[in-house]
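# Overview (structure and organization)
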Amino acid sequence: HEIAIVKLLRDLDEQARKEGGAVYMLNGNHESLNVCGDFRYVTPGAFVESALYSGLEEKDLKDWDLLARVRYAVYRPGGPMAMELSKNSTV
């Protein structure tokens, strides 16, 4: 549920800022690996989440080649999640 977690943390940051606080997200090595197209630590569920985020239908979720291509499109440099992660500092 990594995409959902990023969205949740963004929402929490928005709420915190309204109250004078903040939530700071950091990228680690796994976020960088995803943007580089290295998915060796990605769970099957994360491939499915990326596919659903991209608008694929349930019937497409058994095609692992398609899931890999969609995940790459989501996380590649310039992709929606790469752009979202680019807002964070990296450690």
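Everything below is about the structure printed above this text.
Thresholds applied
- Residues numbered from 1 in each chain as written.
- Predicted model: local features only at pLDDT ≥ 70, side-chain atom pairs only at ≥ 80, totals over all residues.
- Heavy atoms only, no water.
- Buried < 20%, exposed > 50% of the residue type's maximum accessible area, 1.4 Å probe, protein only.
- Helix = DSSP H or I, 4+ residues; strand = E, 2+ residues; numbered from the N terminus.
- Contact = heavy atoms within 4.5 Å.
- Expected span 1.5 Å × (residues − 1).
- Arc of directions from axis to C-beta.

## Remarks on helix H3 (residues 44-53)
Turning to H3, its buried residues number three or more, namely Ala46, Phe47, Glu49, Ser50 and Ala51. If you follow the buried residues of H3, they end up packed against helix H1 (2-18) and helix H4 (64-75). Phi for Gly55, located one or two positions after H3, is positive at around 100°.

## Topic: H1
Between its terminal C-alpha atoms H1 stretches 25 Å, which fits the 24 Å expected from 17 residues at 1.5 Å a residue. Those residues of H1 that sit buried are Ile3, Val6, Asp13 and Ala16. Viewed end-on, H1 has its buried residues packed into an arc of 150°, placing them on one side of the element. At the exit of H1 stands Gly20, carrying a positive phi of roughly 90°.

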